[in-house]
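So you can see what is in the structure, the chains are spelled out below.
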Amino acid sequence: MSVSTSGVRKSLAKVEIALRWDPSPAGTPAHDLDIIAAVYGAADLHGEPVHLVHFGSRSPDGTITLNRDSHTGQGFGFDEVMTLELNRMAPALGRVVVGVVIQDTGPRGARTKTFAAVGGTGVRIREGYTDLAVADFDGVPAATAATVAEFTRDASGVWSLDAAVRGFDVDPEEFARTMGALRS
């Protein structure tokens, strides 16, 4: 991931995660990528998410919203956009992991698309007009899902960003359960 800042960026307030990809070739099933955010409590940063935010949902407190949702990748620029208002999150929330999952079920539920099959992928993490990180999914070609950002709150309440693309080969439900697990 090309990170515009060196290392971890601190003192974040309101950030935008934007996702882009090219439509599938004519006559083939549409590429449908989705942004998903898993929110964790400060008391259990790597356990079960307190809540998930994805297409068709938003956080109960309104601090995370999906502003744009695409099922095909058609359009100009970024196809899906999610906003995180970290500065408005309750102190009981301490971590947000953001990922991207390919919504694709082939015959008998088999996963058939990976990031290698989807052209023009890209993700941008931005605060205001400042790009914090920009990446594609070329480094995880065999993955069907990937985390792209991890936001954590320190003891003083300051949010920081760790931006990195980490691939998973799981279905959307499994990804939602494992995307925030402790990494070894």
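Counting of residues starts from 1 at the beginning of each chain's written sequence and follows it residue by residue. Selection of residues for local features in this predicted model requires a pLDDT of at least 70, selection of side-chain atom pairs for listing and counting requires 80 or more, and totals for whole chains, interfaces and linings are taken over all residues. Only hydrogens and water are removed before side-chain values are computed, so all heavy atoms of the structure are retained for them.

Draft legend 1. Inspection of the overall build of the chain at higher detail. Every helix listed is a DSSP run of H or I at least four residues long, and every strand listed is a run of E at least two residues long, numbered separately from the N terminus. Looking only at helices and strands, one finds 1 helix and 12 strands in the chain. Helices and strands in the chain line up, N terminus first, as β-β-β-β-β-β-β-β-β-β-β-β-α. Considering the chain as a whole, with its 184 residues, one finds that 47% of them fall into the buried category. What makes two residues a contact is simply this: any of their non-hydrogen atoms within 4.5 Å. Of the contacts formed within the chain by residues at least 6 apart in sequence, a portion of 68% connects residues at least 24 apart. Taken as a whole, the chain presents about 8,700 Å² of accessible surface, with 52% of it coming from carbon and sulfur. Working definition: with a 1.4 Å probe on protein chains only, accessible area under 20% of the residue-type maximum means buried, over 50% means exposed, and in between means partly exposed. Per-residue and other accessible areas were derived by the Shrake-Rupley procedure at a 1.4 Å probe size, with only the shown protein chains allowed to occlude residues.

Draft legend 2. Representation of the side chain of Glu-150 within the structure. Relative to the helices and strands, Glu-150 resides in strand 11 (residues 145-153). Relative accessible area serves as the criterion here: at 12%, Glu-150 is assigned to the buried category. In protein, a polar contact requires one atom able to donate a hydrogen and another able to accept it; more generally it is a pair of N or O atoms within 3.5 Å, and residues adjacent in sequence count only if both atoms are side-chain atoms. Here Arg-95 takes part through its side chain, which lies 3.2 Å from a polar atom of the side chain of Glu-150. Setting aside residues no more than four positions away along its own chain, Glu-150 makes contact with Arg-95, Val-96, Val-97, Ser-160, Leu-161, Asp-162 and Arg-183.

Draft legend 3. Up close: the pairing of strand 10 (residues 130-135). Looking at chain direction, strand 9 (residues 122-127) and strand 10 are connected through 5 bridges and run antiparallel. Bridge pairing in strand 10 places Arg-126 opposite Asp-131. Strand pairing follows a simple DSSP-based rule, namely that at least 2 bridges must link the two strands. Hairpin remark: strand 9 followed by strand 10, antiparallel, with 2 residues in the connecting loop; positive phi at Gly-128, about 60°.

Draft legend 4. Examining the nonpolar core more closely. Counting residues in hydrophobic clusters, the biggest one holds 38 residues, and the most contacted among them are Leu-84, Val-96, Val-98 and Phe-151. For this core, the element with the highest residue contribution is strand 8 (residues 93-102), accounting for 5 residues. Discounting chain neighbours no more than four positions away, the residues touching Val-98 are Ile-17, Ile-35, Ile-36, Ala-37, Leu-84, Thr-147, Val-148, Ala-149, Phe-151 and Met-179. Definition used in this section: a nonpolar core is a set of buried Ala, Val, Leu, Ile, Met, Phe, Trp, Tyr and Cys residues joined via side-chain atoms within 4.5 Å. Tyr-40, Ala-145, Phe-168 and Ala-176 belong to the second-largest nonpolar core, a separate cluster that totals 11 residues.

Draft legend 5. Main features of the environment of Val-39. In this fold, Val-39 is placed in strand 4 (residues 33-41). On the basis of relative accessibility, which here comes to 0%, the residue Val-39 falls in the buried class. C-alpha of Val-39 to C-alpha of Gly-94: the two residues are 55 residues apart in sequence and 7.9 Å apart in space. Non-local contacts of Val-39, meaning those with residues more than four positions away in its chain, are made with Pro-49, Val-50, His-51, Ile-64, Leu-93, Arg-95 and Val-96.

Draft legend 6. Structural view of the pattern of salt bridges. By convention in these notes, a salt bridge is any Lys or Arg side-chain nitrogen within 4 Å of a carboxyl oxygen on Asp or Glu. Using the criterion set out here, one finds 6 salt bridges in the structure. One salt bridge in this structure joins Arg-126 and Asp-131, with 2.8 Å as the shortest N-O distance.

Draft legend 7. Just the packing of aromatic side chains, in detail. Each aromatic pair joins two rings of Phe, Tyr and Trp (for Trp, the six-membered one) with centres within 6.5 Å, and gets the label stacked for planes under 30 degrees apart, edge-to-face for over 60, and tilted for any other angle. What the rule picks out here adds up to 2 aromatic pairs. Aromatic side chains Phe-115 and Phe-137 sit 4.4 Å apart centroid to centroid with 10° between the ring planes, which places their arrangement in the stacked category. Of this pair, Phe-115 sits in the loop between strand 8 and strand 9 while Phe-137 sits in the loop between strand 10 and strand 11, placing them 22 residues apart in sequence. Phe-137 carries the same exposure label as Phe-115, and that label is buried. Both rings, one in Phe-168 and one in Phe-175, keep their centres 5.2 Å apart while their planes meet at 70°; by these two values the pair is edge-to-face. According to the relative accessible area criterion, Phe-175 is buried, its value standing at 0%.

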